Amino acid sequence: MSRLNEDYYVLERPSNSSIPLLKADKDTSSKKYWSLDYQFDGRPLVFSNKKKKKNLEVGVVEHIASILFTPDAVVVSEEIIDILSNFDIDGIDLIPAIYIANDGSWHEEYSYVKIKNEFDFWCRNASEYNPEPRSSTGWHYVYKYVLDADLVERVPLESRLLFNMGGVSMPVICLHSSLVEEITKNTNAMSDFFIPLSEYEG
C-alpha cells in the first residue's frame, strides 16, 4: 500500500440522525450552484435540513457543526474558512450560504465549498473495485482505495490538500491529514466526519 494513503482522509457525513442532511431551497436549486460555471449573483445559497420533519417527530436534536453536508458537497463555517485560507488551498470556491435550522433560526456564517480539483489518483492494480465500468460514464465502483504515489506526487501539495477523487462512480472528498488535524483541533467538527482513506470502504 502506498504510504500516501496514510496522509489522506475521506470527508463524509456519518450515519447519525442528529447530523443535518442539507437540501437547497427552490431559488438556490434553480441557480445550478454546483456547476463549475456558476458565478455568484450576490444572493447567498439557502439550505435547510432534509430530515427536519422526521427529527421533529421523534425528538432528535440536530447537531449544527462547523461542517454541514449536502448529498455530494459540504457547507462550512467561518472557522473552517479561516483554516482553508491559512492553507492557501488551490482549486476551491467559497459561496456564501445560509443554513435554516430545525427551530427556524438562521445561521449566516456559512459558505458552500465548490471543489474544482478532481484527481484520478487511485491505483488500478492495488485498489479493490468492480472491473466492469459503468457503460454511461466509463467510471468504476471503488470499494477500497490505494493511491498511486507517482500520480499523486506529480501534483503540488497545495492543489491536493482538498480534492474530489476522479474516475469513480461514487465521488469522495479527500483531505490531507494536515488539514484534518487543524480542523479537528480548532472546530466542533466531529472526528467521525473524517475516515482514514486506508480504512474507507466505498
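The rules behind the values
- Residues numbered from 1 in each chain as written.
- Predicted model: local features only at pLDDT ≥ 70, side-chain atom pairs only at ≥ 80, totals over all residues.
- Heavy atoms only, no water.
- Helix = DSSP H or I, 4+ residues; strand = E, 2+ residues; numbered from the N terminus.
- Rg over C-alpha atoms; globule rule 2.2 N^0.38 Å.
- Buried < 20%, exposed > 50% of the residue type's maximum accessible area, 1.4 Å probe, protein only.
- Areas by Shrake-Rupley, 256 points an atom, 1.4 Å probe, with all protein chains shown as cover.
- Lys, Arg positive; Asp, Glu negative; His and termini not counted.
- Charge placed at Lys NZ, Arg CZ, Asp CG, Glu CD.
- Salt bridge = Lys/Arg side-chain N within 4 Å of Asp/Glu carboxyl O.
- Pairing = 2+ DSSP bridges.
- Contact = heavy atoms within 4.5 Å.
- Axes fitted to C-alpha atoms, helices over the stretch in contact; angles between N-to-C directions.
- Arc of directions from axis to C-beta.
- Patch = residues over 30% accessible without salt bridge, like charges linked within 9 Å, V, L, I, M, F, W, Y side chains within 5 Å.
- Phe/Tyr/Trp six-rings, centres within 6.5 Å; stacked < 30°, edge-to-face > 60°.
- Lys NZ or Arg CZ within 6 Å of the ring centre and 35° of its normal.

A. Here's a closer look at the overall build of the protein chain. When its secondary structure is counted, the protein chain shows 5 helices and 13 strands. A globule of 202 residues ought to have a C-alpha radius of gyration of about 17 Å, and the protein chain, at 17 Å, matches this closely. In the protein chain, which comprises 202 residues, the proportion classed as buried is 46%. Here the protein chain displays about 10,600 Å² of accessible surface, and carbon together with sulfur accounts for 47% of that area. Here the protein chain carries 20 positive and 32 negative side-chain charges, and the mean point of each set is 8 Å from the other.

B. Structural detail: the pattern of salt bridges. Under the criterion given, the structure shown has 7 salt bridges. Between lysine 31 and aspartate 27 there is a salt bridge, with the nearest N and O atoms lying 3.8 Å from each other. Between lysine 31 and aspartate 41 there is a salt bridge; the shortest N-O distance is 3.6 Å. Remark: aspartate 41 occurs in the loop between α1 (26-30) and β3 (45-49) and lysine 31 occurs in the loop between α1 and β3; sequence separation between them is 10 residues.

C. View of the sheet that holds strand β8 (residues 118-119). Judged by pairing direction, the sheet is mixed, and its 5 strands sit side by side in the order β8-β11-β12-β1-β13 without closing on themselves. Two strands close off the open sheet at either side, each with one partner strand: β8 and β13 (194-196). Relative to strand β12 (residues 173-176), strand β11 (residues 162-165) runs antiparallel, the two sharing 3 bridges. In the strand pairing of β12, asparagine 164 is matched with isoleucine 173. Lying over the sheet, helix α5 (residues 177-186) contacts β1 (8-11), β11, β12 and β13, oriented at roughly 85 degrees with respect to β12.

D. Inspection of α5 at higher detail. Among the residues of α5, Leu179, Val180 and Ile183 are the ones counted as buried. Buried residues of α5, viewed axially, fall in a sector of 100 degrees; they line one side. Against β1, β4 (67-69), α3 (78-87), β11, β12 and β13 lie the buried residues of α5.

E. Structural detail: a positive patch on the surface. A contiguous patch of positive charge, built from Lys23, Lys50, Lys51, Lys52 and Lys54, is present on the exposed surface. Its location among the elements puts lysine 50 in the loop between β3 and α2 (52-58). A residue is classified by how much of its surface remains accessible, and lysine 50, at 55% relative accessible area, is exposed.

F. Quick look at the packing of aromatic side chains. Applying the stated criterion across every chain yields a total of 12 aromatic pairs. A centroid spacing of 6.3 Å and a plane angle of 15 degrees characterise the contact between phenylalanine 47 and tyrosine 112, whose relative ring orientation is stacked. Taken as a pair, phenylalanine 47 in strand β3 and tyrosine 112 in strand β7 (residues 106-115) lie far apart in primary sequence, 65 residues in all. In this structure an aromatic cluster arises from ring pairing among Tyr8, Phe119, Phe121 and Phe163. A cation sits over an aromatic face here: arginine 124 above tryptophan 122, 3.6 Å from the ring centre.

G. Region of the structure containing α3. Taken together, the buried positions of α3 are Ile80, Ile81, Ile83 and Leu84. All buried residues of α3 lie within an arc of 160 degrees about the axis, which places them on one face of the element. α3 presents Glu78 and Asn86 as exposed residues on the side facing more than 90 degrees away from its buried surface. In this fold, the buried residues of α3 make contact with β4, β5 (74-77), β6 (92-100), β7, β11 and α5. Remark: aspartate 88 follows α3 within two positions and exhibits a positive phi of approximately 50 degrees.

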